Amino acid sequence: MKKVLIIGAGAMGAAFTFPLADNNHKVTLTEPYSKDLLNKLITKKKFHPALKLKLSKRVSVKKFSSDLLNEKWDLVVVAVSSIGIEMVRKHLKNIKRKVSILILTKGLKYDRNNKKIITMSEQLNKGNQNLNISVLKGPCLAKELAKKIKSYTVIANKNINIAKNIGKLISTKYYKTEYSSDVKGVEFSSAIKNIYSMIIGSGEGENTASALFRKSLDEMEYLIKYFRGKKETVHGLAGVGDLYVSAVGGRNSKMGEYLGKGFTFKVAKNKFMQNDTVEGADLAREIAPYILKKINKNKIPLMHALLSAITKNKKLKVNY
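Residues numbered from 1 in each chain as written. Predicted model: local features only at pLDDT ≥ 70, side-chain atom pairs only at ≥ 80, totals over all residues. Heavy atoms only, no water.

(A) Layout of the packing of helix α9 (residues 183-201) against helix α14 (residues 279-294). Remark: α9 packs on α14, axes separated minimally by 8 Å, with the N-to-C direction vectors making an angle of 110 degrees. Classed by the angle they form, the pair α9 and α14 counts as roughly perpendicular. The handedness of the crossing between α9 and α14 is left-handed. Counting all contacts with α9, which are made through Ala191, Ile192, Asn194, Ile195 and Met198, the residues of α14 involved are Glu279, Gly280, Ala281, Leu283, Ala284 and Ile287. (Axes fitted to C-alpha atoms, helices over the stretch in contact; angles between N-to-C directions. Helix = DSSP H or I, 4+ residues; strand = E, 2+ residues; numbered from the N terminus. Parallel < 35°, antiparallel > 145°, perpendicular 65-115°, else oblique. Left-handed = near helix turned anticlockwise from the far one by under 90°. Contact = heavy atoms within 4.5 Å.)

This is the structure:
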């Protein structure tokens, strides 16, 4: 039995407790942002409002604090939004014990000081002592994982043995893990697929969408190689696997459908998806200052078209 702390009690953080609990680990779930969610989990006997399921008896729910971080953990799982990574970084900077860290968060950040795009693991490790960080990505919907529908994911660490050790902690009959040493490739693939799922969603029909899917993979390969990952990673779970899930029914592809019908992003958001978070749009705004300026439009025309449409609030014009 191991002691595992999960920071972030949203749908994915909570869903991640299920395989851990089924492997007889002692799991603590904490929420640094939403006091309302934390109170609901405590007062409603660990019934999760998004998953519509009750968490295991092996899971305890606690208030987030620096003292909690400094308890003796075998694994600390980071499941906050990309915006929350910076807050977690500041807390981990003062952690007194060496601990294995696993990031579930998907996203990229434009580091304006150094004028480059960095991954979530790079941001978390920024200015810190060398943290032992692994990342977990792939086509895994939180509600399906919580219902124990067979799911697959990839754990990446430059030291593949560390990734495999984490895999042993979390793998079950319904939650399968693969491994990679290409941390950058895995992180970039899992992030930019949100943008490409919007592009695929904008297709006029299935024929168009399938062509956009293939062209999206071409561009993803180029970008992963540009940012010094392995283009082969695009064909794995963090790339094509995750892109498929997002393209066939996620919020990003839904927004893409509205963009394909001629709505600008702001109009579509306010009219159809006012209460929905569109991760691809948030990422587009984050990386646009770098991508639009630094990378040749002819190399990634789909990405350029989407970033321009989102940041300039213009109609999407995709040439394919």
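(B) Inspection of the sheet that holds strand β1 (residues 3-7) at higher detail. In space, the 8 strands of this open sheet follow the order β5-β2-β1-β6-β7-β10-β11-β12, with mixed pairing throughout. Single-partner strands in this sheet number two, and they are β5 (59-63) and β12 (175-180). The sheet shows a mean angle of 25 degrees between the axes of neighbouring strands, direction not considered. Sitting on the sheet, α9 touches β10 (132-137), β11 (151-156) and β12, and the angle it makes with β10 is about 40 degrees. (Pairing = 2+ DSSP bridges.)

(C) View of the packing of aromatic side chains. Within this structure, the stated rule accounts for 9 aromatic pairs. Between the aromatic rings of Tyr258 and Phe263, the centroid separation amounts to 6.5 Å while the plane-to-plane angle is 80 degrees, which identifies the pairing as edge-to-face. Classification of Tyr258 by relative accessible area gives buried; the value is 13%. Note on Phe263: relative accessible area 24%, which makes it partly exposed. (Phe/Tyr/Trp six-rings, centres within 6.5 Å; stacked < 30°, edge-to-face > 60°. Buried < 20%, exposed > 50% of the residue type's maximum accessible area, 1.4 Å probe, protein only.)

(D) Layout of the nonpolar core. Grouped together as the largest cluster of nonpolar side chains are 47 residues, with contacts concentrated most on Ile117, Ile195, Tyr196, Leu223, Ile291, Met303 and Leu306. In terms of residues, this core owes the most to one element, α9, which gives 8 residues. Setting aside chain neighbours within four positions, we find Met303 in contact with Ile192, Ile195, Tyr196, Ile199, Glu219, Leu223 and Ile291. Formed by 34 residues, the second largest nonpolar core is a distinct cluster that contains Ala9, Phe16, Leu136 and Ala142. (Core = buried A, V, L, I, M, F, W, Y, C linked by side-chain atoms within 4.5 Å.)

(E) Looking closely at the packing of helix α10 (residues 206-226) against helix α11 (residues 237-249). Between α10 and α11, whose axes approach to 11 Å, the crossing angle comes to 145 degrees. Both α10 and α11 take part in a crossing whose hand is right-handed. The segment α10 lies against α11, with Phe213, Ser216, Leu217 and Met220 engaging Gly239, Val240, Leu243 and Tyr244. In the contact of α10 with α11, the residues fall into 6 nonpolar, 2 polar and no charged. (Nonpolar A, V, L, I, M, F, W, Y, C, P; charged D, E, K, R; others polar.)

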